[in-house]
Protein chains: 2
Amino acid sequence: MTDLGFNAKDCGTCPIQHRAVCARCETDELATLEAMKYYRSFEAGQPIVWSGDRMDFVGSVVTGVASLSQAMEDGRTQMVGLLLPSDFLGRPGRAAAPYDVVAVTNTTLCCFRRKPFETMMGATPHLAQRLLEMTLDELDAAREWMLVLGRKTAREKIASLLAIIARREASLAPERGQDDMSFDLPLTREAMADYLGLTLETVSRQVSALKRDGVIVLDGKRRIVIPDFDALVAETGDDVDGGVFA
Amino acid sequence: MTDLGFNAKDCGTCPIQHRAVCARCETDELATLEAMKYYRSFEAGQPIVWSGDRMDFVGSVVTGVASLSQAMEDGRTQMVGLLLPSDFLGRPGRAAAPYDVVAVTNTTLCCFRRKPFETMMGATPHLAQRLLEMTLDELDAAREWMLVLGRKTAREKIASLLAIIARREASLAPERGQDDMSFDLPLTREAMADYLGLTLETVSRQVSALKRDGVIVLDGKRRIVIPDFDALVAETGDDVDGGVFA
DNA sequence: CGGGGGTTTGACCATAGTCAAAGCACGTGG
DNA sequence: CCACGTGCTTTGACTATGGTCAAACCCCCG
């Protein structure tokens, strides 16, 4: 068993307890969930489920990153979502997975068998309310992404992706100077391309261009430094105040 | 007051009663909603709310079609959703509209003031459950559309849009021969372009091309006839069984 | 008859895709 | 320790798809 980095027995030590689907549950409700949960871990690159597969569980990402994507017969694929820690996987009431789900990095899920979870949802408004809230947020994110996919140039797409990741890192990391953000990019060029609706060559070219123009600095191959976040945002095409999370 | 085509007093005559957010409500719950509802009508082309506006109501589309779209400062716009009869507008718990909402055709909404509706949602699991279900469906639709926007060619995009509308018409209209579908396109070329992430010229060219190739037949400017639905689906790039609603 | 919204078509151009080769970093085995 | 292979990335040359700009068209309506 992999080391989870927290106490698997006790939801009180869970790193996502305040943002996951269970965030609103009372002590007794949590106890019920705690009794039925189990963990599953996946190595980077491993499939979690394939589109069309029967899915007998639902669950939350505890650590790591997973991708949701759709494939066309001829091999074109589009990533339609990134699951980050606290994001929920699966849909109560649906047995077949609609997308391919792949672990982008090493990933641990906190799972529940689907049927018991559905039963509990019916009896636990706190659970349903929280899931509704999370789903509405995801819907907003998906719609924001539609603007990126439908209307932005390749350069703006790259800048948008980097800005999103940078913002997320900033929201997790403790306060540090805004003008010296940096993070490890968890995605390959191909994964970025699948997310952005581009080819990996175009991604590579535009990343190089942003580097050449001083908007980003590469430290090694995967570490990105943002010397001036506002300059990056200016490249996204969004208006300054709003951005992708308007 | 416009003629609504049904009895505004009685939810029992409402055309969307079985699919709207209130579909699961019991008689007494319905009575409460009935007491607080009010109708608003908009002419084709009129704005319903602008992005950033304060929204003090939520509601359901009863008749007509409305669009959700996002605009960039330089005028590029992307439609991120189409609201059809029974679709829900607004988000409990959020005061500011995140998108521009425009009536595409003459449209009637069944509205509730936001605060009382939120209160009722907290006390009425049937309402929250139904809204969750509808939101999950919308999320699926948004993600399906991400594939269209990110990976499909102009021709495939047009075919996908026509196939979606045709399917929807078929699901509403009583059984008729599958090989003779036809419908009025409620969207201008520009609206189609905004939905598909194309320019209106490209839309026009690709519609002409599909007509030239016999995949569709135009009867006047807006009426579309689909002589062979399978042939249309073949143009979407989706595999035959699944399609956009896989 | 004239005007306007929506649409079609054409000529040209720019952006991103395709195909191909080479480079780089890292791990394995000789 | 170095050669080799693999996976990922970069770069180049060329092409194709869809965008831009501009003009004309169509149809309905006043």
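Note that the structure is a prediction, hence the values are computed from the model and not measured. (Residues numbered from 1 in each chain as written. Chains lettered and ligands numbered in written order. Predicted model: local features only at pLDDT ≥ 70, side-chain atom pairs only at ≥ 80, totals over all residues. Heavy atoms only, no water.)

*Asks:* Help me out: how do you make sense of the interface of chain B and chain A in this one?
*Replies:* Often, the extent of an interface is quoted as the loss of accessible area upon association of its parts. Residue-level contacts link 45 residues of chain B with 45 residues of chain A. Between chain B and chain A, a total of about 4,100 Å² is buried, with carbon and sulfur atoms accounting for 55% of that surface. Of all residues in chain B, Arg143, Met146 and Arg151 of chain B bury the most surface against chain A, accounting for 20% of the area lost on that side. The interface formed by chain B and chain A holds twelve salt bridges in total. The partner of Arg143 of chain A in a salt bridge is Glu138 of chain B, and the shortest N-O contact between them spans 2.7 Å. Summed over the shared surface of chain B and chain A, the number is 27 residue pairs in polar contact (both at pLDDT 80 or more). Of all the secondary-structure elements, those providing two or more residues to the side of chain B that touches chain A are strand 4 (66–71), strand 5 (77–83), helix 2 (114–123), helix 3 (125–151) and helix 5 (189–196) of chain B. With 20 residues, helix 3 of chain B is the single largest residue contributor to the side of chain B that touches chain A. Of the residues assigned to the side of chain B that touches chain A, the class counts are 18 nonpolar, eleven polar and 16 charged. (Contact = heavy atoms within 4.5 Å. Buried area = accessible area lost by both parts, 1.4 Å probe. Salt bridge = Lys/Arg side-chain N within 4 Å of Asp/Glu carboxyl O. Polar contact = N/O pair within 3.5 Å; in protein donor to acceptor, adjacent residues only side chain to side chain. Helix = DSSP H or I, 4+ residues; strand = E, 2+ residues; numbered from the N terminus. Nonpolar A, V, L, I, M, F, W, Y, C, P; charged D, E, K, R; others polar.)

*Asks:* Even after reading the chapter, I still don't get the pairing of strand 3 (residues 57–63) of chain A, so can you show me in this structure?
*Replies:* Each regular strand shows side chains that alternate between the opposite faces of the sheet. Residue and element names in this part refer to chain A. Summarising burial for strand 3: six of the seven residues are buried, a large majority. Pairing analysis gives six bridges linking strand 3 to strand 8 (residues 107–113), with the strands arranged antiparallel. Within strand 8, the residue paired with Thr63 across the bridge is Thr108. Strand direction decides the pairing type here: strand 3 and strand 6 (residues 88–89), joined by two bridges, are antiparallel. Pairing of Ser60 across the sheet is with Phe88, part of strand 6. (Buried < 20%, exposed > 50% of the residue type's maximum accessible area, 1.4 Å probe, protein only. Pairing = 2+ DSSP bridges.)

*Asks:* Is there a simple way to explain the sheet that holds strand 6 of chain A in this structure?
*Replies:* In a beta sheet, neighbouring strands pair by backbone hydrogen bonds and run either parallel or antiparallel. The strand order 1-8-3-6 (chain A) describes an open sheet built from four strands, whose pairing is antiparallel. Of all the strands in the sheet, just strand 1 (38–42) and strand 6 of chain A have a single pairing partner and so form its edges.

*Asks:* Got a minute to help me understand the packing of helix 3 (residues 125–151) of chain A against helix 3 of chain B in this structure?
*Replies:* Between two packed helices, both the angle of their axes relative to each other and the distance between the axes serve to describe the pair. For the pair helix 3 of chain A and helix 3 of chain B, the least separation of the axes is 9 Å and the interaxial angle reads 20 degrees. On the basis of the axis angle, helix 3 of chain A is roughly parallel to helix 3 of chain B. The handedness of the crossing between helix 3 of chain A and helix 3 of chain B is left-handed. Of the residues contributing to the contact of helix 3 of chain A with helix 3 of chain B, the split by class is 18 nonpolar, four polar and four charged. (Axes fitted to C-alpha atoms, helices over the stretch in contact; angles between N-to-C directions. Parallel < 35°, antiparallel > 145°, perpendicular 65-115°, else oblique. Left-handed = near helix turned anticlockwise from the far one by under 90°.)

*Asks:* Would you take a moment to explain the protein's contact with DNA strand D for this structure?
*Replies:* With respect to spatial proximity, 17 residues lie near DNA strand D, and among them Arg189 and Ser204 of chain A together with Ala154, Thr202 and Arg205 of chain B are the closest. Here DNA strand D approaches the protein such that, of its atoms within 4 Å, sugar and phosphate make up 61%. Take Ser204 of chain A: an N or O atom from its side chain is 2.8 Å from a phosphate oxygen of DNA strand D. Note that a phosphate oxygen of DNA strand D is positioned 2.6 Å from one of the side-chain N or O atoms of Thr202 of chain B. (Near = heavy atom within 4 Å.)

*Asks:* How do you make sense of the protein's contact with DNA strand C when you look at a structure like this?
*Replies:* Lining the immediate surroundings of DNA strand C are 17 residues, of which Ala154, Thr202 and Arg205 of chain A together with Arg189 and Ser204 of chain B lie closest. When the atoms of DNA strand C within 4 Å of the protein are sorted by group, sugar and phosphate make up 61%. The side chain of Thr199 of chain A places a nitrogen or oxygen atom 3.2 Å from a phosphate oxygen of DNA strand C. Here a phosphate oxygen of DNA strand C sits 3.0 Å away from a polar atom, N or O, in the side chain of Ser208 of chain B. Residue assignment for the surface near DNA strand C shows that the elements contributing at least two residues are helix 6 (200–212) of chain A together with helix 6 (200–212) of chain B. A per-element tally of the surface near DNA strand C places helix 6 of chain B first, with five residues. Looking at the surface near DNA strand C, its residues break down into three nonpolar, seven polar and seven charged.

*Asks:* What is the right way to look at the packing of aromatic side chains in this model?
*Replies:* Any two aromatic rings considered together are summarised by their centre-to-centre distance and by the angle between their planes. Residue and element names in this part refer to chain A. Under the criterion given, the structure shown has six aromatic pairs over all chains. The interplanar angle of 15 degrees and the centroid separation of 4.4 Å between the aromatic rings of Trp145 and Tyr195 together place this pair among those described as stacked. Of the two residues, Trp145 is situated in helix 3 and Tyr195 in helix 5 (residues 189–196); the sequence distance between them amounts to 50 residues. Exposure class is identical for Trp145 and Tyr195. Each is buried. Of the aromatic side chains, those joined through ring pairs into one cluster are Phe88, Phe112 and Phe117. Above the plane of the ring of Phe57 lies Arg40, whose end atom (NZ or CZ) is 4.9 Å from the centre. (Phe/Tyr/Trp six-rings, centres within 6.5 Å; stacked < 30°, edge-to-face > 60°. Lys NZ or Arg CZ within 6 Å of the ring centre and 35° of its normal.)

*Asks:* So what exactly am I meant to see when it comes to the domain arrangement of chain A here?
*Replies:* Residue and element names in this part refer to chain A. What the domain assignment reports for chain A is domain 1 (11–148) and domain 2 (152–245). Placing a centre on the C-alpha atoms of domain 1 and another on those of domain 2 gives a separation of 26 Å. At the junction of the two partners, domain 1 supplies 13 residues and domain 2 supplies 16 residues. Carbon and sulfur atoms supply 67% of the area buried between domain 1 and domain 2, which totals about 1,300 Å² over both sides. At the surface where domain 1 touches domain 2, the tally comes to zero salt bridges. Inspection of the domain 1/domain 2 interface yields six residue pairs in polar contact (both at pLDDT 80 or more). (Domains from an automatic or database assignment.)

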